[in-house]
Amino acid sequence: MEHPIKPSEKTKLTHPLPPPSKPTHSDTPSTSSSGNVPVYMLQFPRDHVLKMPSEDVQQRYKNYTRYKPIQRRIQRGFCRCLCTSICLLVILIVTVGCILYFGFRPKAPTYSLTNLSISGFEPLLTSSVTPINPSIVATVKTDNPNKKLSILYQTNGTVSVYFDTTYLCSGDWPSFHQGPQNVTIFETNLTGSGILLTALNRDSIVKAETNGSVPLTVYAKVPVKLKFSFITSWVVTVRVTCDVAVTTLTSKAAILSKTCHIKTHYLW
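The following refers to the structure shown. Predicted model only: the values in this text are computed from it and were never measured.

## Description of the environment of Ala 220
- Tracing the chain through its elements places Ala 220 in strand S12 (residues 214–228).
- Since its relative accessible area comes to 9%, Ala 220 is described here as buried.
- The spatial distance from the C-alpha of Ala 220 to the C-alpha of Val 161 is 9.0 Å, given a sequence separation of 59 residues.
- With residues near it in sequence (within four places) discarded, Ala 220 still touches Thr 158, Val 159, Trp 173, Val 238, Arg 239 and Val 240.

## A look at the packing of aromatic side chains
- Scanning all chains against the criterion turns up seven aromatic pairs.
- Judged by centre distance (5.7 Å) and plane angle (75 degrees), the rings of Tyr 111 and Trp 173 are edge-to-face. Of this pair, Tyr 111 sits in strand S5 (residues 110–119) while Trp 173 is found in strand S9 (residues 166–173), placing the two residues 62 residues apart along the sequence. Neither residue differs from the other here; Tyr 111 and Trp 173 are each classed as buried.
- Where Trp 173 meets Phe 186, the ring centres are 5.0 Å apart and the plane angle is 65 degrees; that geometry is what we call edge-to-face. In this pair, Trp 173 sits in strand S9 while Phe 186 sits in strand S11 (residues 182–191), placing the two residues 13 residues apart along the sequence.
- Looking at Trp 173, the relative accessible area reads 5%, which means it is buried.
- On the basis of relative accessible area, Phe 186 is assigned to the buried category, the value being 11%.
- Through a chain of ring-to-ring contacts, the aromatic side chains of Tyr 111, Tyr 153, Trp 173, Phe 176 and Phe 186 assemble into a single cluster.

Thresholds applied
- Residues numbered from 1 in each chain as written.
- Predicted model: local features only at pLDDT ≥ 70, side-chain atom pairs only at ≥ 80, totals over all residues.
- Heavy atoms only, no water.
- Helix = DSSP H or I, 4+ residues; strand = E, 2+ residues; numbered from the N terminus.
- Buried < 20%, exposed > 50% of the residue type's maximum accessible area, 1.4 Å probe, protein only.
- Contact = heavy atoms within 4.5 Å.
- Phe/Tyr/Trp six-rings, centres within 6.5 Å; stacked < 30°, edge-to-face > 60°.

See the structure below:
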């Protein structure tokens with residue numbers, strides 16, 4: 001006795017599913033509309049083109065899209081906070097600087113040479129080849145004209161003496177505290193050892209000595225701090241230059257003329 005075939009089984013027997021197809025291409029090239037360039041056509045199954053990503057890839061994509069906006073918000077908030085802090089700091093510094101400047105009205109101190117006691121130049125006037133050991137005791141007057149500002153002279157200040165561009169001797173600028181509207185006078189010993197001058201420099205010094213007017217230049221490099229009430233500034237380097245003319249290079253030297261000026265790029 002024959003068993004009837006069910007419609008579904010019949011369909012399965014009579015119309016089996018074909019195996020998954022592979023990409024195919026046409027071996028015979030066609031030509032483009034211009035007729036010169038060959039064109040090959042590739043055919044891909046639809047299930048190969050529209051492929052869904054795996055679950056692992058989908059989960060990573062969800063995590064990335066979930067955390068990235070949070071990171072961006074954190075970065076933006078940090079940048080805004082940093083910019084705001086910098087702006088507030090700049091405004092604070094400018095405000096404090098304006099208050100100090102307009103409140104205290106700082107003025108530059110003044111410097112002058114009141115006396116020079118010179119020795120050690122005697123061999124220069126009698127011999128043309130003997131090295132000299134110059135020694136100068138300089139009396140310096142410093143004036144602080146400020147009413148509410150003190151000047152704190154730090155260590156490592158130096159003073160040097162030159163004839164034209166020739167080095168003669170040097171010494172230390174003392175460290176001390178100069179109060180408001182104070183005048184301080186101090187002495188500093190400037191010494192040089194084994195200074196050998198050229199024939200041209202010797203002739204120039206001897207000629208100036210004969211004329212009774214020897215030009216000298218005194219350079220001072222002094223680190224100082226400024227004190228406004230309870231506020232003390234950073235170290236400011238003050239450079240002082242004094243052009244002075246003396247009658248002779250001996251202990252009887254007298255100052256004929258003097259001009260001093262200071263140079264600094266921080267406050268004055």
